[in-house]
Amino acid sequence: MTIGTYVLALILGVMFGFALNKAGLTRYTKIVNQFRLTDMAVLKFMMTALVVTMLGVYPLHEMGIITFPTIPATYVVGNLVGGLIFGVGMALAGFCPGTAVAGGGEGKWDYIVPGLLGFLTGAVIFGLSYDSFMPKILSIANFGNKTIPELWGVNAYLAIFVFTLLALALFYAIDRLGLQRKSK
Amino acid sequence: MSWLKKQISKELWSPYAAGVLLGIVGILTVTLANKLLGASGGFENIAAYIGKAISPSNTYFNYIMPAGITYPVILLVGIFFGGMLGALSSGTFKFRTMDDEQWKTAYGNQKWKRWLLLFIGGIIVEFAAGIAGGCTSGLAISGGMLLAPAAFLFIAGMFASGIVTALIVYGKKY
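1. Some thoughts on the overall build of chain B
Turning to step 1, where the next piece is worked out: For chain B, the count of helices and strands is nine helices and zero strands.
Turning to step 2, where the next piece is worked out: For chain B, the succession of helices and strands along the chain, N to C, is α-α-α-α-α-α-α-α-α.
Turning to step 3, where the next piece is worked out: With the C-alpha coordinates aligned to their principal axes, the bounding extent of chain B is approximately 55 × 45 × 35 Å.
Turning to step 4, where the next piece is worked out: Counting all 174 residues of chain B, 51% fall into the buried class.
Turning to step 5, where the next piece is worked out: Partitioning the intrachain contacts of chain B with sequence separation of at least 6 by distance along the chain shows that 49% fall at a separation of at least 24.

Here it is as structure tokens:
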């Protein structure tokens, strides 16, 4: 990596951590209350980011301004089971790797010490046990590094339009129709 | 200008405003670096130093996520300082422990218990991110923006089990 790449990664990371701080996602309460459905901030934050990024990267790609980096691979069992296990840890601890690091930057020793040590330990365990189960998981229903438009011939803009409508409908239902549980 | 400064220095933004900022960061990451945002990958690159010391011929840490001060690692350093900058801007930066009231209601006041649970939670989350191929940022947001099916499978799994886990932890207080 060149110095320029380092500086760029650092700046992008700072902006990312700043957004996580301002959204309040660096707090246990915000994360767990999303799973209790009494505070929808995580969902609003994630879906807004998704809509904005989709509306940005697809047109930029079409105009030839950007190329897509490697698309995250779809292997149904791994993505789904990984997500299921991930949700357990996230609801228990009230953080995920990004929010814990940003929270550490706010001065939370609870995130800096046991949090980061937990991530490192989890990564070591995963890497060392990779050969024993991941090849099997990767071999089931693996669609490769492809997007929904590439796989199923759906028009990308139609998919983005549908997702945007879904997000707006959800925001409307939460903010105007009260689709949210009351906290006890 | 002072209005803008006041808005920026607020401790909490509307999640929509913060989401737009994250979206812009996501677009910039692809445009300027031809990379994706992510957090769990950086931990794997650091863990590789330990993993290779334990098992020098290990496949994962030699060929898939090798040790190094890689792009995701620098991104993590940035995220740390970004959280710091956010807290400084609202005057909430402070070295502290046990700062969450609701945590105490859910699990009690003991610090050792919080540290143990965060350690275990950290292991679970990072291990799961390995299986899924990324975490909330590297897979859910980054994969989702590119319309990768993986992202939506991950998000569905994460919300389903997160809700069930919170239901179990909170019981009658859910």
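2. Notes on the overall build of chain A
Turning to step 1, where the next piece is worked out: When you go through chain A residue by residue, the secondary structure sums to eight helices and two strands.
Turning to step 2, where the next piece is worked out: Each helix and strand of chain A, ordered N terminal to C terminal, gives the series α-α-α-β-α-α-α-β-α-α.
Turning to step 3, where the next piece is worked out: For chain A, the C-alpha atoms occupy an extent of roughly 50 × 45 × 40 Å along the three principal directions.
Turning to step 4, where the next piece is worked out: Counting only residues that meet the buried cut, chain A has 51% of its 184 residues in that class.
Turning to step 5, where the next piece is worked out: Across chain A, every contact between residues at least 6 apart in sequence was considered, and the portion connecting residues at least 24 apart equals 61%.

3. Overview of the interface of chain B and chain A
Turning to step 1, where the next piece is worked out: At the junction of the two partners, chain B supplies 119 residues and chain A supplies 103 residues.
Turning to step 2, where the next piece is worked out: Secondary structure elements with two or more residues in the side of chain B that touches chain A: helix H2 (15–33), helix H3 (40–54), helix H4 (59–64), helix H5 (71–89), helix H6 (101–107), helix H7 (111–132), helix H8 (136–145) and helix H9 (149–170) of chain B.
Turning to step 3, where the next piece is worked out: Among the residues forming the side of chain B that touches chain A, the class breakdown is 78 nonpolar, 32 polar and nine charged.

4. With respect to H5(B)
Two residues of an α-helix separated by three or four positions point the same way, owing to the 3.6 residues in each turn.
Turning to step 1, where the next piece is worked out: Compared with an ideal rise of 1.5 Å per residue, which puts 19 residues at 27 Å, H5(B) spans 26 Å between its outermost C-alpha atoms and is within 8% of the ideal.
Turning to step 2, where the next piece is worked out: Gly91(B) sits one or two residues past H5(B) and shows a positive phi near 70°.

5. Quick look at the confidence of the model for chain B
Turning to step 1, where the next piece is worked out: For chain B, per-residue confidence averages 97 on the pLDDT scale, and 100% of positions sit at 70 or higher.
Turning to step 2, where the next piece is worked out: Among the prediction metrics, the complex's ipTM stands at 0.98, with pTM recorded as 0.98.

6. Focus: helix H2 (residues 28–35) of chain A
Turning to step 1, where the next piece is worked out: Burial analysis of H2(A) places seven of its eight residues in the buried class, the great majority of the element.
Turning to step 2, where the next piece is worked out: Turning to H2(A), its buried residues number three or more, namely Tyr28(A), Lys30(A), Ile31(A), Val32(A), Asn33(A), Gln34(A) and Phe35(A).
Turning to step 3, where the next piece is worked out: Considering only its buried residues, H2(A) is in contact with helix H3 (41–62) and helix H4 (76–93) of chain A together with H6 and H9 of chain B.
Turning to step 4, where the next piece is worked out: Where H2(A) ends, the next residue or the one after it, Leu37(A), has phi of about 60°, a positive value.

7. Concerning unusual backbone geometry
Turning to step 1, where the next piece is worked out: Its identity is not glycine, yet Ala141(A) carries a phi of approximately 40°, on the positive side.
Turning to step 2, where the next piece is worked out: Ala141(A) gets classed as partly exposed once you count the C-beta atoms within 10 Å, which come to 13.
Turning to step 3, where the next piece is worked out: One non-glycine residue, Leu147(B), lies in the positive phi region at around 60°.
Turning to step 4, where the next piece is worked out: Its place among the elements puts Leu147(B) in the loop between H8 and H9.

About the thresholds
Residues numbered from 1 in each chain as written. Chains lettered and ligands numbered in written order. Predicted model: local features only at pLDDT ≥ 70, side-chain atom pairs only at ≥ 80, totals over all residues. Helix = DSSP H or I, 4+ residues; strand = E, 2+ residues; numbered from the N terminus. Buried ≥ 20, exposed ≤ 12 C-beta atoms within 10 Å, placed from the backbone. Contact = placed C-beta atoms within 7 Å. Nonpolar A, V, L, I, M, F, W, Y, C, P; charged D, E, K, R; others polar. Expected span 1.5 Å × (residues − 1). pLDDT = per-residue confidence, 0-100.

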